[in-house]
Structure formats: C-alpha cells, structure tokens
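Each chain, letter by letter, is given below.
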Amino acid sequence: MERTLSIIKPDAVGKNHIGDIIQRFEKNGLKVISAKMMHLSKSQAEKFYEVHKARPFFKDLVSFMTTGPVFVMVLEGNNAVQVNRDLMGATDPSKAEKGTIRADFAKTIDENAVHGSDSLENAKKEIEFFFSGNEICERTR
C-alpha cells in the first residue's frame, strides 16, 4: 500500500468540485485516510512549493494557492502515487487526456485544479508537511 498527497486547489474548491474529484479517487481504488480544508498563508505556500523557488512561476503559484481554501488529503492504495497522477492528467489541462481531473475541471496551466505528489519520497515529505501522525486514520473496514 502506498500513500500520496492530493490537494484540491482554490479554483476547483471555489467551483464546488471537491466531491466530484474525491469520487474519482475512490472509484479508482484510492481511499481517503485523512483530509482537511484550510486556507494557506503566503509563508505556508512558499514553504510547501519551495522546490520551485527558482522557477519563474513560483510567485504566481504562491499567489494563486492563497486565493482561497484548499482541500488537502492523504490517499492510500496500490500504486497510489501513479494512480493519482494518471487521474489528474497533464499539468496543462489543454494537453490532459479526456476524462482526467484537469481536463474536466481545470481551465489553465496556472489554475489546474489539483496537486499530487510526484514520487513516494515527495509524498512522505508532503504528507508530513500537512498532517501529524495522529491525523492519519487507518482504514479498518
């Protein structure tokens, strides 16, 4: 079993797509084992996306991620990182395959509906950024 982090970004939260997106995860074998809605501060967004600090889009990304609440989740399942990435689709929604989250719910590369961990190593770091161990709920049923 793998775990990965998923964030439903402010654009998709603002358009009430939380349930639609979670349903896709669940229908594809991923289980939500922790979740919370929060409004990221500038410093939280900067720290979370620190890996992109030198890239030209960093300031716009931080600004966007603080425009409204996000819905942050830990997903668990077989091959969870890759399943989540496949469900999200390409970063640019105009290049995302039909039926993916970004193709269906995102409008631009900057406001692309969701974030998902890109590796098991990053998933562990990202999960620890948002959740303490006692916030993870093992699924027993």
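Quantities reported herein were computed from a predicted structural model and do not represent experimental measurements. (Residues numbered from 1 in each chain as written. Predicted model: local features only at pLDDT ≥ 70, side-chain atom pairs only at ≥ 80, totals over all residues. Heavy atoms only, no water.)

### As for the UniProt feature "binding site: ATP" (unreviewed entry) in the chain
Then, in step 1: In this structure's numbering, the residues bearing the UniProt feature "binding site: ATP" (unreviewed entry) are Lys9, Phe57, Arg85, Thr91, Arg102 and Asn112. From the set just named, the residues that line the largest pocket comprise Lys9, Phe57, Arg85, Thr91, Arg102 and Asn112.
Then, in step 2: As for its position among the elements, Phe57 is in the loop between helix H3 (42-48) and helix H4 (58-65).
Then, in step 3: On the accessibility criterion, Phe57 (35% relative accessible area) is partly exposed.
Then, in step 4: Inspection of the secondary structure puts Asn112 in the loop between helix H6 (101-105) and strand E4 (114-116). (UniProt positions renumbered as here; feature names shortened; annotations may be inferred. 1 Å grid on protein atoms, 1.4 Å probe; cavity = no way out; pocket = protein on both sides within 12 Å on 5 of 7 lines; lining within 4 Å. Helix = DSSP H or I, 4+ residues; strand = E, 2+ residues; numbered from the N terminus. Buried < 20%, exposed > 50% of the residue type's maximum accessible area, 1.4 Å probe, protein only.)

### Comments concerning H4
Working note: α-helix, 3.6 residues per turn, so residues spaced by three or four point in the same direction.
Then, in step 1: Listed in full, the buried residues belonging to H4 are Phe58, Leu61, Val62, Phe64 and Met65. Taken down its axis, H4 places every buried residue within 165 degrees of arc, on the same side. Turned more than 90 degrees away from the buried face of H4 sit Lys59 and Asp60, all of them exposed.
Then, in step 2: Buried-residue contacts for H4 involve strand E1 (2-8), helix H1 (10-14), H3 and strand E3 (70-77). (Arc of directions from axis to C-beta. Contact = heavy atoms within 4.5 Å.)

### Thoughts on the UniProt feature "domain: Nucleoside diphosphate kinase-like" (unreviewed entry) in the chain
Then, in step 1: UniProt feature "domain: Nucleoside diphosphate kinase-like" (unreviewed entry): in the numbering of this structure it lies at residues 1-138.
Then, in step 2: As annotated, residues 1-138 has a helix share of 40% and a strand share of 19%, and its two end C-alpha atoms lie 12 Å apart.

### A word on the pattern of salt bridges
Then, in step 1: A complete count under the given rule lists 7 salt bridges for this structure.
Then, in step 2: For Arg24, the salt bridge is made with Asp104, and the minimal N-O distance between the two is 2.7 Å. Taken together, the positions of Arg24 in helix H2 (residues 18-27) and Asp104 in helix H6 put the pair 80 residues apart, joining distant regions of the chain.
Then, in step 3: For Arg24, a relative accessible area of 23% gives the class partly exposed.
Then, in step 4: Three or more residues joined by partner-sharing salt bridges are found here, namely Arg3, Glu76 and Glu138. (Salt bridge = Lys/Arg side-chain N within 4 Å of Asp/Glu carboxyl O.)

### So, the nonpolar core
Then, in step 1: Counting residues in each nonpolar core, the largest one holds 21 residues, and the members touching the most others are Ile8, Ile21, Phe25 and Met73.
Then, in step 2: Not counting residues up to four positions away in its chain, the partners in contact with Phe25 are Ser6, Leu30, Met73, Leu75, Asn84, Leu87 and Ile101.
Then, in step 3: Tyr49, Val62, Phe130 and Ile136 belong to the second largest nonpolar core, which has 20 residues in total. (Core = buried A, V, L, I, M, F, W, Y, C linked by side-chain atoms within 4.5 Å.)

### Let's talk about the side chain of Asn84
Then, in step 1: Tracing the backbone through its elements, the reader meets Asn84 in helix H5 (residues 80-88).
Then, in step 2: Look at Asn84 and you get buried, because its relative accessible area is 0%.
Then, in step 3: What Asn84 contacts, discounting residues up to four positions off in sequence, is Thr4, Leu5, Ser6, Phe25, Leu30, Leu75, Gly116 and Ser117.

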